[in-house]
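Here's the letter readout for the chains.
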Amino acid sequence: MSSFAKSQFVKDLKDKDNVGSPFLVKFSAVATDKNGKPYMNVVLMDRTGEVEARIWEDANKYVGQVVRDAFVYVEGRSQSYQGRKQIVISKIQILREDQVDPKQFVAEGTLDAEDLYSQLLGFVDSMKDPYYKALAEIVFKDDADIADRVKRAPAAKSVHHAYKTGLLEHVVSISGILANLSDHYGKYLDRDLLLLGGFFHDIGKIWELTYDRTVDYTTEGKLIGHLVMGVEMVEKKINLLDAQPGRLPAPFPEEKRLLVKHLILAHHGLLEYGSPKRPKCLEALIVHYIDDLDSKVNAIKNFIEQDQNPGRWTGLNKMYERFFFKPDWAMEGQKTPQE
Ligand SMILES: [Fe+2]
Ligand SMILES: [Fe+2]
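Keep in mind that what you see is a predicted model, and the values were worked out from it rather than measured. (Residues numbered from 1 in each chain as written. Chains lettered and ligands numbered in written order. Predicted model: local features only at pLDDT ≥ 70, side-chain atom pairs only at ≥ 80, totals over all residues.)

**Some thoughts on the overall build of the chain**
Counting its regular elements, the chain contains eleven helices and seven strands. Dimensions of the chain along its principal axes, counting C-alpha atoms only, are 70 × 50 × 40 Å. Taken over 339 residues, the chain has a buried fraction of 33%. At a minimum sequence separation of 6, the contacts of the chain that also span at least 24 residues come to 57%. (Helix = DSSP H or I, 4+ residues; strand = E, 2+ residues; numbered from the N terminus. Buried ≥ 20, exposed ≤ 12 C-beta atoms within 10 Å, placed from the backbone. Contact = placed C-beta atoms within 7 Å.)

Here you go:
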């Protein structure tokens, strides 16, 4: 039993609430006010969201302590500042990991990781091409470290599927769409290649990001990035397959190796979105559009779901520069506005 139980969550904080609860520090920085006095800007989080906070007194005392990934016990008062929630901290104490229940601080999706992983393996089992199938198997069935990371990784630092297991949710969702599209277009598409594109397009993210507590980029992620990291993994795994006697009917065909790598490298679609190559085959084009579609659907669905404005319209979505209509599923538990 953790000694600092979580009873107050970011999502429920109201204006003028007294705060007394543990949080995880997502960000901290010292700034100075107009009189030159230092204060600390902090972003606190738990599994329900993030909230800005300020330490006005003795800010310098906390430098090096109130840092990203630290668990802290915060006392203070919640207020509305320029339309946003903010906690004015009166007391803050650093906690050890064994004093809290770490699960309460990291956002999770609603779907079960083991369940999603067996769905992923179901798509692998449905593959026919012996080379493509062996490549999917050596990654998802033979590599326990990859399996563990795939079950935990978010798909992004923010924007879409930015929660624990978000990457796997994204990959399984895309795989289902790709399988349907392959039925729809029939002989014009290679179903197994398409599935590999869905499986591997973002696989580099399991090493591009750290996600034990807060999500951030690794040094490898900053210097290399998930497209090239995915290609490197494919290269390594194909070499491993080729080195195992009897695993493949013949050496892994060169053209297939290039096509799998191309799908990863082209999935951002445009040079200015970080793809070194634009899609040059139908499968690459489709993986790019479906990846884009799935990430936008997830981002907008979450935005609508989390919107607190009364009535049928959300607040302004800065990323998409528009207000969204809230359908019935988003209205549950909301008060009808006085009109
Ligand atoms: Fe990507
Ligand atoms: Fe993606």
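**Some thoughts on the sheet that holds strand 5 (residues 84–95)**
Taken in spatial order, the five strands line up as 1-2-3-5-4 and close into a barrel, and their pairing is mixed. Across this sheet, the average inter-strand angle for adjacent strands is 50°, counted without regard to direction. Examined bridge by bridge, strand 1 (residues 18–32) and strand 2 (residues 38–46) share eight bridges and lie antiparallel to one another. Following the sheet pairing, Val-30 is matched in strand 2 by Met-40. (Pairing = 2+ DSSP bridges. Axes fitted to C-alpha atoms, helices over the stretch in contact; angles between N-to-C directions.)

**What about the domain arrangement of the chain?**
By convention, interface size is frequently given as the accessible area that disappears when the constituent parts associate. Taken as a whole, the chain is organised into domain 1 (10–104) and domain 2 (106–300). One C-alpha centre belongs to domain 1, the other to domain 2, and the line joining them spans 37 Å. The interface is formed by six residues belonging to domain 1 together with five residues belonging to domain 2. Its residues assigned to classes, the side of domain 1 that touches domain 2 comprises one nonpolar, no polar and five charged. (Domains from an automatic or database assignment. Nonpolar A, V, L, I, M, F, W, Y, C, P; charged D, E, K, R; others polar.)

**Observations regarding the pairing of strand 4 (residues 71–81)**
Where strand 1 lies against strand 4, seven bridges are found, and the strand directions are antiparallel. From the neighbouring strand, Leu-24 faces strand 4, where its bridge partner is Phe-71. In the sheet, strand 4 pairs with strand 5 via eleven bridges, with the strands oriented antiparallel. For Glu-75, the partnering residue across the bridge sits in strand 5 and is Lys-91. Counted along the chain from strand 4 to the antiparallel partner strand 5, the turn is two residues long, and its residue Gln-82 has a positive phi close to 50°.

**Describing the pairing of strand 3 (residues 49–55)**
Two faces belong to every sheet, and in a regular strand the side chains alternate between them. Inspection of the sheet shows strand 2 paired to strand 3 by seven bridges, in the antiparallel sense. The residue of strand 3 that forms the bridge with Asp-46 is Gly-49. Here strand 3 runs beside strand 5; their pairing, made up of four bridges, is parallel. If you follow Arg-54 over to strand 5, its bridge partner there is Val-88.

**Things to note about the packing of helix 8 (residues 226–243) against helix 9 (residues 254–265)**
It is the contact of helix 8 with helix 9, at a shortest axis distance of 8 Å, that shows an interaxial angle of 160°. Considering the angle they form, helix 8 stands roughly antiparallel to helix 9. With respect to the hand of their crossing, helix 8 and helix 9 are arranged in right-handed fashion. Taking contact as the criterion, the partners of Leu-227, Gly-230, Val-231, Val-234 and Ile-238 in helix 8 are, on helix 9, Arg-257, Val-260, Lys-261, Ile-264 and Leu-265. Looking at side-chain class alone, the contact of helix 8 with helix 9 contains seven nonpolar, one polar and two charged residues. (Parallel < 35°, antiparallel > 145°, perpendicular 65-115°, else oblique. Left-handed = near helix turned anticlockwise from the far one by under 90°.)

**Looking at helix 10 (residues 282–306)**
Compared with the 36 Å implied by 1.5 Å per residue over 25 residues, the 36 Å span of helix 10 between its first and last C-alpha is a close match. Inspection of helix 10 places Glu-283, Ala-284, Ile-286, Val-287, His-288, Ile-290, Asp-291, Asp-294 and Asn-298 among the buried residues, and these make up the whole buried set. Elements in contact with the buried residues of helix 10: helix 4 (166–185), helix 5 (191–200) and helix 9. (Expected span 1.5 Å × (residues − 1).)

**Overview of the environment of Ile-138**
Note on placement: Ile-138 falls in helix 2 (residues 130–140). According to the C-beta neighbour criterion, Ile-138 is partly exposed, with 18 such atoms within 10 Å. Along the primary structure Ile-138 and Thr-314 are separated by 176 residues, whereas in three dimensions their C-alpha atoms are 45 Å apart.

**Focus: the nonpolar core**
Counting 45 residues, the largest nonpolar core has Leu-135, Ala-136 and Leu-196 as the members making the most contacts within it. Non-local contacts of Ala-136, meaning those with residues more than four positions away in its chain, are made with Val-124, Met-127, Leu-196 and Phe-199. Residues Val-19, Val-51, Ile-87 and Phe-105 belong to the second largest nonpolar core, which totals 20 residues. (Core = buried A, V, L, I, M, F, W, Y, C linked by C-beta atoms within 7 Å.)

**Some remarks on helix 1 (residues 113–125)**
Every α-helix carries 3.6 residues per turn, so stepping three or four residues along brings you back to the same face. The first and last C-alpha atoms of helix 1 sit 18 Å apart over 13 residues, in line with the 18 Å expected at 1.5 Å per residue. When we look at burial in helix 1, the residues that qualify are Leu-116, Leu-120, Phe-123 and Val-124. In a view along the axis of helix 1, the buried residues occupy a sector of 105°, so they form one face of it. Opposite the buried face of helix 1, by more than 90 degrees, sit the exposed residues Glu-114, Asp-115, Ser-118, Gly-122 and Asp-125. (Arc of directions from axis to C-beta.)

**Quick look at unusual backbone geometry**
Of note, Asp-58 is a non-glycine position whose phi angle comes to about 55°, a positive value. Tracing the chain through its elements places Asp-58 in the loop between strand 3 and strand 4. A positive phi is found at Asp-69, a non-glycine position, where the angle reads about 80°. Of note, Asp-69 is situated in the loop between strand 3 and strand 4.

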